[in-house]
Amino acid sequence: MKIVNFSEQNSVMNQYLAEIRDKDYQQNRLVFRNNIRRIGEMMAYEMSKTFDYKMKTVHTPLADAEVSVPADDVVVATIFRAGLPFHNGFLDVFDHAGNAFVSAYRKYTNEEHTEVGIHIEYLATPDLTGKTLIIADPMLATGGSMELGYKAFLTKGTPKHVHVACVIATPEGVEHVKKTFPDAETTIWCAAIDPGMNEHKYIVPGFGDAGDLCFGEKL
């Protein structure tokens, strides 16, 4: 399974990542959401280089032009609610893509909030058979919600390739995806891989709760 970690490269994506980690920048939800979206846009551009391509004839006002365009039938999927700005970044680039959504949220199963269960509640997706599926979720912590989201999407068809896209991952989350997703048909993309998680299963150093930082605290 191929893993692309953009923090190993020098690019402006690192600047956006530094800003969303910064607790002072996080006070402005608009700035936070925009940086999540911009990371999605840049990741989508790099991802497009791995697609299959075909030649297309375009009729200009003066003559015909031959252009190489993506041949992949793309579906951009996300997990409510934290994934919405990230999803929009991919959709800015893959503007003809289909869209899929699933609600998968963590639910602590003990009083100490150290054990986490994942609850699936909602699914909306086009047929995924033979498609290129991009699952965009900002945080790949334990990998549990990514696995259950993927399994929910599989009830609507088997994609030809799955791109797991996240802003920050952990080694545990990456290993979980490697164990539960098809090896040859999956690629993991992340802006950074952080060392691990705290006792409450939040990525450290990470940047906190992506959904709350994007949209405000929840009950």
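The preceding data block contains the structure.
Being a predicted model, the structure only gives us computed values, none of them experimental. (Residues numbered from 1 in each chain as written. Predicted model: local features only at pLDDT ≥ 70, side-chain atom pairs only at ≥ 80, totals over all residues. Heavy atoms only, no water.)

For the protein chain, the helix and strand inventory stands at 6 helices and 12 strands. Relative to its length of 219 residues, the protein chain is compact, with a C-alpha radius of gyration of 18 Å against a globular reference of 17 Å. Dimensions of the protein chain, computed from C-alpha atoms along their principal axes, come out at roughly 70 × 40 × 30 Å. Counting every position in the protein chain, which comprises 219 residues, the buried fraction comes to 43%. As displayed, the protein chain offers around 11100 Å² of accessible surface, 51% of which is attributable to carbon and sulfur atoms. Across the protein chain, the mean location of the 21 positive side-chain charges is 2 Å away from that of the 29 negative side-chain charges. (Helix = DSSP H or I, 4+ residues; strand = E, 2+ residues; numbered from the N terminus. Rg over C-alpha atoms; globule rule 2.2 N^0.38 Å. Buried < 20%, exposed > 50% of the residue type's maximum accessible area, 1.4 Å probe, protein only. Areas by Shrake-Rupley, 256 points an atom, 1.4 Å probe, with all protein chains shown as cover. Lys, Arg positive; Asp, Glu negative; His and termini not counted. Charge placed at Lys NZ, Arg CZ, Asp CG, Glu CD.)

Under the criterion given, the structure shown has 7 aromatic pairs. Ring geometry for F32 versus F207: centroids 5.5 Å apart, planes at 75 degrees, classification edge-to-face. Of the two residues, F32 is situated in helix 2 (residues 29–48) and F207 in the loop between strand 12 (203–204) and helix 6 (210–215); the sequence distance between them amounts to 175 residues. Residues F32 and F207 agree in their burial class; the two are buried. (Phe/Tyr/Trp six-rings, centres within 6.5 Å; stacked < 30°, edge-to-face > 60°.)

Here we come to the environment of G216. Considering the arrangement of structural elements, one finds G216 in the segment after helix 6. In the structure, G216 is positioned 135 residues away from R81 in sequence and 11 Å away in space, judged by C-alpha atoms. The residues touching G216, leaving out its near neighbours within four places in the chain, are R29, R81 and G211. (Contact = heavy atoms within 4.5 Å.)

In this structure, strand 2 (residues 53–59) lies alongside strand 3 (residues 64–70), joined through 7 bridges in antiparallel fashion. By the bridge assignment for strand 3, V58 is matched with A65. Where strand 2 folds back on strand 3, the antiparallel hairpin that results is connected by 4 residues. (Pairing = 2+ DSSP bridges.)

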